[in-house]
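Here is what each chain is made of, one letter per residue.
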Amino acid sequence: SYVYGGRARPGFPIILGDDMRPLQPAQAFLTWQLLARGRLLSPLTWEDYGRRLWGYFAFLHANELEWDDVRQSPGLSPVARYRDWSVSELKLKPSTVNGRLRLVISMYEGRSPSA
């Protein structure tokens, strides 16, 4: 079980890379967002955030994209490509896509997705 601050945190999401190590920066963001900030969030929120970030990083991996690939051309960033794929291929509702994007963008900005 995951231990943080000297306490077991059952149900805390752990996103692993191909090498079976915590996938960064996703894991560091989850730890900061869900545990270090001091806000009490439910284990259901933990699961939701973990699934959202896992989905984004799985998309990056499947498309051989790097999370920190910064391109100058509009529409070529990893986030823009993920957005377009979510809408066109997955046919997700705009509200679902926007919720996922808020979390992903907050990871890049190092802030709360609700801010």
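Residues numbered from 1 in each chain as written. Predicted model: local features only at pLDDT ≥ 70, side-chain atom pairs only at ≥ 80, totals over all residues. Heavy atoms only, no water.

## What about the packing of aromatic side chains?
The criterion, for reference: Each pair of aromatic rings taken from Phe, Tyr and Trp, with Trp reduced to its six-membered ring, is defined by centres within 6.5 Å and is described as stacked if the planes are under 30 degrees apart, edge-to-face if over 60, and tilted in the remaining cases. Under the DSSP-based scheme used, a helix requires at least four consecutive residues in state H or I and a strand at least two consecutive residues in state E, with every element numbered from the N terminus. We call a charge positioned above a ring when the Lys NZ or Arg CZ atom is no farther than 6 Å from the ring centre and deviates by at most 35 degrees from the ring normal.
Under the defined criterion, the tally for this structure stands at 10 aromatic pairs. Their ring planes at 80° and their centres at 6.3 Å tell us that Tyr-56 and Tyr-108 sit as a pair that is edge-to-face. One end of the pair, Tyr-56, is in helix H2 (residues 43–62); the other, Tyr-108, is in helix H4 (residues 94–109), with 52 residues separating them in the sequence. We note Arg-37 situated over the ring of Trp-32; from NZ or CZ to the ring centre the distance is 5.2 Å.

## A look at unusual backbone geometry
Just so we agree on the cut-off: Only protein chains enter the accessibility calculation, which uses a 1.4 Å probe; a residue is then buried when its area is under 20% of its type maximum, exposed when over 50%, and partly exposed in between.
Cis rather than trans, the peptide bond between Gln-24 and Pro-25 has omega equal to 10°. Within the fold, Pro-25 resides in the loop between strand S2 (7–8) and helix H1 (26–36). For Glu-64, which is not glycine, the phi dihedral falls at a positive 55°. Mapping Glu-64 onto the fold places it in the loop between H2 and helix H3 (78–88). For Glu-64, a relative accessible area of 74% gives the class exposed. Within the chain, Lys-91 stands out as a residue other than glycine whose phi angle is a positive 60°.

## Some thoughts on the nonpolar core
Filter applied, for reference: Joining through side-chain atoms within 4.5 Å is the link that ties buried Ala, Val, Leu, Ile, Met, Phe, Trp, Tyr and Cys residues into a set, and such a set is a nonpolar core. Note on contacts: a residue pair is in contact if any heavy atoms of the two residues lie within 4.5 Å.
Formed by 22 residues in total, the largest nonpolar core has its most connected members in Leu-30, Leu-53 and Tyr-56. When residues of this core are traced back to their parent elements, those giving at least two are H1, H2, H3 and H4. In terms of residues, this core owes the most to one element, H2, which gives 7 residues. Leave out the neighbours within four places in its chain, and Leu-53 touches Ile-15, Ala-26, Phe-29, Leu-30, Leu-103, Val-104 and Met-107.

## Considering H1
In terms of burial, H1 is a largely internal element, 8 of the 11 residues being buried. Taken together, the buried positions of H1 are Ala-26, Gln-27, Phe-29, Leu-30, Thr-31, Gln-33, Leu-34 and Leu-35. The secondary structure elements touched by the buried residues of H1 are strand S1 (3–4), H2 and H4.

Shape descriptors only; they carry no functional weight alone.
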